[in-house]
Each structure stands twice: as structure tokens, then as C-alpha cells.
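The primary structure of each chain is shown beneath.
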Amino acid sequence: MDSSLYIAGTAMICAIGANPPMIHAAMGAGVNRYQLSRFKDAKGQPVRLAPVPAAVFASPDWAIEECDEHGESQDHALKLALHCLAQLHQQGLPEQPTPLLLAMNEPELQAHCLPLKTLAENIRQAGHAWFTGEHLRSLHSGRAAGIEALDFAYQYLAEPFPESMILGSSDSPSSYTRLDVPEQQGRLLSLGPCDGYAPGEGAAFLRLTSDPEQAVAREGQIIKVHPPGLSDEPGHWFTEEPYRGEGLDQAVKQALSSYAGPPIATVFSSMNGERYWAKEWGVASLRNKERFTEEARVVHPAEYFGDLGSATAPALITLAVEHLFSQASETACLVYSSSDGPRRGAVVLEKQPRLPG
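Let me begin by describing the structure that accompanies this report. Position numbers for residues start from 1 in each chain and track the written sequence from start to end. Only residues with pLDDT of at least 70 are given local features in this predicted model, and only at 80 or more are side-chain atom pairs given and counted; all residues enter the totals for whole chains, interfaces and linings. Think of the side-chain values as coming from all heavy atoms in the structure, minus any hydrogens and water.

**A few points about the nonpolar core**
When a protein is soluble and globular, its nonpolar side chains tend to lie buried together. Convention followed: Note on terminology: a nonpolar core comprises buried Ala, Val, Leu, Ile, Met, Phe, Trp, Tyr and Cys residues joined through side-chain atoms within 4.5 Å. Working definition: with a 1.4 Å probe on protein chains only, accessible area under 20% of the residue-type maximum means buried, over 50% means exposed, and in between means partly exposed. In this description a helix means any DSSP run of H or I spanning at least four residues, a strand means any run of E spanning at least two, and both kinds are numbered starting from the N terminus.
Of all hydrophobic cores here, the largest spans 43 residues; its most connected members are Met12, Leu208, Phe305 and Leu349. For this core, the element with the most residues is helix α9 (residues 312-326), which contributes eight residues. Counting 25 residues, the second-largest nonpolar core is a separate cluster that includes Ala11, Leu78, Leu80 and Ala203.

Quick look at the structure:
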């Protein structure tokens with residue numbers, strides 16, 4: 001067994017699909033699920049969101065431990081998280097205790113959509129024997145929190161125990177509290193042209209393993225997750241510091257430092273339609289252009305199912321896995337995710353042959 005990490009399972013749900021293959025196919029068909037919501041901005045205009053269909057939350061199969069203090073966004077986030085954990089369960093989860101890492105939004109966004117105590121109770125109720133609650137950790141750094149969790153997983157899984165870890169997030173924008181900060185910043189997409197974004201609803205979870213024999217294999221190929229790169233951007237949304245794009249550039253450089261393969265042809269990006277993020281990638285791509293092909297494609301899935309907030313990085317990694325398995329000519333891609341706060345994260349996924357045990 002080596003010290004690398006591999007993808008042992010993926011799960012996802014969002015506005016355009018209920019599992020990773022369905023979502024990947026819908027993106028390929030250009031499906032978009034933005035719609036005008038019941039929420040209004042300061043000008044009284046309806047905000048555009050990308051919600052998961054209401055029927056998902058009305059299913060009689062949910063075994064949710066209800067709690068009066070949780071509103072609609074928390075209820076939705078809980079159910080979406082349980083939906084993804086059920087997907088992973090169907091793929092075969094280990095019976096031994098397995099740590100769970102949760103990516104959460106920044107405290108500034110008041111976006112703690114996943115109430116941890118209630119989530120833990122419901123994971124137990126759902127019969128997930130791997131979950132003890134003793135190894136539950138949350139990271140509150142926004143869109144990049146999932147990549148920050150990868151960094152933690154690399155340190156944790158370097159030890160003999162455990163051999164696997166579950167990492168993910170669930171986010172729902174369906175409350176004024178969740179939308180309050182970006183609305184005050186004038187960033188929500190509504191009617192008419194504006195430099196805003198559409199919040200999306202969804203969840204994505206991964207199982208990581210240090211044992212390549214446990215990795216998901218398709219046509220003899222498995223996906224290696226390289227050590228991620230992390231950095232901070234001084235000029236983020238919650239500061240008056242000038243923005244120069246240094247944070248993402250450094251995160252990308254770190255992520256690429258362990259990858260020795262050919263130039264990368266596909267990048268999965270957390271860009272959500274705001275000009276700010278396009279400028280940021282412009283800086284990083286120019287400063288690292290020798291590591292990418294001349295026609296490198298930048299995929300920004302938020303254009304199909306909205307900005308998934310804290311679930312962004314796990315979702316991008318999940319979709320990058322689907323992409324690599326579907327593209328025989330590509331062996332690696334870069335995933336990066338940038339938070340509204342300072343954190344920036346990037347990681348290389350590489351497709352490799354599964355070697356005989």
C-alpha cells in the first residue's frame with residue numbers, strides 16, 4: 001500500500017440530476033435549471049436559484065429526526081446529505097468505523113445549513129454502521145473547504161488506521177438568512193443583466209481510500225487524488241485589501257508540484273458567472289500556462305446547476321472523476337475551488353491503470 005489517495009466512491013445530487021452519471025450527461029446536453037424563486041432582492045426583483053425538485057424532499061422514505069429549530073434550508077440540506085450517503089452505501093461502504101469530514105460555508109455567510117447533531121442522529125437512524133460520530137470533523141472555509149478536507153485526509157490516512165474516509169457537503173440556499181450576505185453585496189442574479197450568480201441546491205460526497213484495491217475501477221482504470229494545494233487570497237470578498245489573484249496561483253502551483261504527467265487539457269472550476277472569478281483564473285492560468293494544453297477547456301458547472309456553496313469542491317471532484325472515466329484520451333485534470341473568504345484550493349486527479357495486487 002502506498003501513501004496516495006484514491007477515489008473509492010462518489011455521490012451527488014443537484015438541480016439537473018440525482019447521481020453523478022446523470023448529472024454528467026445532463027451537463028453534456030447543456031441542461032440548465034435556473035429559475036425565478038420566491039425570494040426577492042433589495043429592489044423587489046425575484047432572485048434566480050437552481051433548486052432540487054420539490055418531489056425529492058416529499059418522499060415518504062425519509063427517516064428524518066425532525067427538529068423544530070431547523071428551517072427549510074437545513075431540512076433540505078439534511079435530506080440531500082442522506083441521499084448521497086445512501087448512494088455511497090449502495091456502492092459498498094466499509095463496516096469498520098470511518099471518519100466523516102464535512103465542508104461548510106464561512107461563518108460570514110451564516111450558512112451552517114447542516115446541523116451536525118441532527119445529521120449525526122439521522123445517519124445512525126439510516127443504519128450506516130460505519131458512522132460512530134466519534135470521528136466527525138467540519139471545516140468552515142466555504143467553496144474551498146472540500147479541498148481543505150482533502151489535505152486533512154492526506155494527513156489522516158497516512159496512518160495505518162483507517163484505510164478510508166468520507167468527505168462531502170450539502171448546501172441549500174432556500175432561506176433569506178442564507179442569501180442575506182450575497183444580497184447585501186449585490187451579487188445575486190435576478191431579472192435583467194447584472195454581475196451576479198444563481199445559488200444552487202445540492203450535495204456531493206466522496207469516499208477516499210489509501211488502498212488502490214478499494215478504488216473504483218472502470219475498464220481497469222482507477223483515479224488517484226494527488227496532494228492538494230492550498231493558499232489564501234488577501235483580496236477576498238470580506239476585506240478591503242486589493243485583489244491580485246495571488247492565492248489561486250499559489251494553490252495551483254502547489255497542486256501541480258506532485259504531478260509529472262503531460263499538460264492538462266481540462267480544468268474544473270468553481271467560477272459562477274461573476275467577473276471576479278474569471279479574472280482570478282486568468283492570473284493563475286497565465287502564470288502556469290506551461291502545465292496546460294493550448295486549447296485547455298475550463299468547465300464551470302455552476303452554469304448548469306448554480307453555485308453549490310460549500311458543496312462546490314466535492315461536486316467538482318465528482319464530476320472530474322466522471323469526465324476522466326469517459327475520456328479515453330485524457331489522463332488527468334485539475335480541479336480548483338475558491339471561497340468568498342481567503343481560502344483557495346486546487347487538486348490534480350489522475351487516471352491510472354490498476355496494478356495487479
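**Some words on the packing of helix α6 (residues 246-256) against helix α7 (residues 275-287)**
Our working rule: Axes here mean lines fitted to C-alpha atoms, for a helix over just the part in contact, with angles spanning 0 to 180 degrees between N-to-C directions. Put simply, angles under 35 degrees are roughly parallel, angles over 145 are roughly antiparallel, angles from 65 to 115 are roughly perpendicular, and the rest are oblique. By the definition used in this description, the sense in which the near helix is turned from the far one sets the handedness, with an anticlockwise turn below a right angle giving left-handed and a clockwise turn giving right-handed. Residue contacts follow a heavy-atom distance rule, with two residues in contact if any of their heavy atoms lie within 4.5 Å. In the scheme used here, Gly and all other residues not listed as nonpolar or charged are polar, with Ala, Val, Leu, Ile, Met, Phe, Trp, Tyr, Cys and Pro taken as nonpolar and Asp, Glu, Lys and Arg as charged.
The contact between α6 and α7 brings their axes to 8 Å, and the two run at 40 degrees. Comparing their axes, α7 and α6 come out oblique. Seen along the crossing, α6 lies across α7 with a hand that is right-handed. The segment α6 lies against α7, with Glu246, Leu248, Asp249, Val252 and Lys253 engaging Glu280, Trp281, Ala284 and Arg287. Tallied by class, residues from the contact of α6 with α7 come to four nonpolar, no polar and five charged.

**Side note on α6**
Within the span of α6, buried status applies to Gly247, Leu248, Asp249, Ala251, Val252, Ala255 and Leu256. If you follow the buried residues of α6, they end up packed against β9 (229-232), β10 (264-269), α7, β11 (292-299), β12 (332-338) and β13 (343-353).

**Thoughts on the environment of leucine 139**
Among the secondary structure elements, leucine 139 is positioned in strand β5 (residues 136-140). Residues leucine 139 and methionine 104 lie 35 residues apart in sequence; the distance between their C-alpha atoms is 5.7 Å. If we skip the residues at most four places from it in the chain, leucine 139 touches Leu101, Leu102, Ala103, Met104, Ala145, Glu148 and Ala149.

**Focus on the pairing of strand β8 (residues 221-225)**
Our working definition: For two strands to be treated as a pair, DSSP must find no fewer than two bridges joining them.
Where burial is concerned, most of β8 is hidden: four out of the five residues are buried. One ladder, built from two bridges, connects strand β1 (residues 5-13) with β8; its direction is antiparallel. For leucine 5, the partnering residue across the bridge sits in β8 and is valine 225. As paired strands, β8 and β13 are joined by five bridges and run antiparallel to one another.

**Comments concerning the environment of histidine 76**
This is how it is decided: Any pair of N or O atoms that falls within 3.5 Å is considered a polar contact. Within protein, one atom must be able to donate a hydrogen and the other to accept it, and sequence-neighbouring residues count only if both atoms are side-chain atoms.
As for its position among the elements, histidine 76 is in helix α2 (residues 72-92). When sequence neighbours within four positions are dropped, the list of residues in contact with histidine 76 reads Phe57, Ser172, Ser174 and Glu201. Engagement of the side chain of histidine 76 in a polar contact is seen with the side chain of glutamate 201, the distance being 2.8 Å.

**Describing the pattern of salt bridges**
The condition that has to hold: The salt bridge definition used is simple: a Lys or Arg side-chain nitrogen within 4 Å of an Asp or Glu carboxyl oxygen.
Summed over all chains, the structure comprises 15 salt bridges. One salt bridge connects arginine 218 with glutamate 322, and the closest N-O pair in it is separated by 2.9 Å. Of this pair, arginine 218 sits in the loop between β7 (202-209) and β8 while glutamate 322 sits in helix α9, placing them 104 residues apart in sequence. Relative accessible area serves as the criterion here: at 34%, arginine 218 is assigned to the partly exposed category. Among the residues examined, glutamate 322 registers a relative accessible area of 5% and is labelled buried. Ionic pairing is found between lysine 253 and aspartate 249, a salt bridge with its closest N-O pair at 2.6 Å. Of this pair, lysine 253 and aspartate 249 both sit in helix α6, four residues apart, which is roughly one turn of the helix. Judged by relative accessible area, which is 2%, aspartate 249 ranks as buried.

Read these as spatial facts, not as claims about activity.
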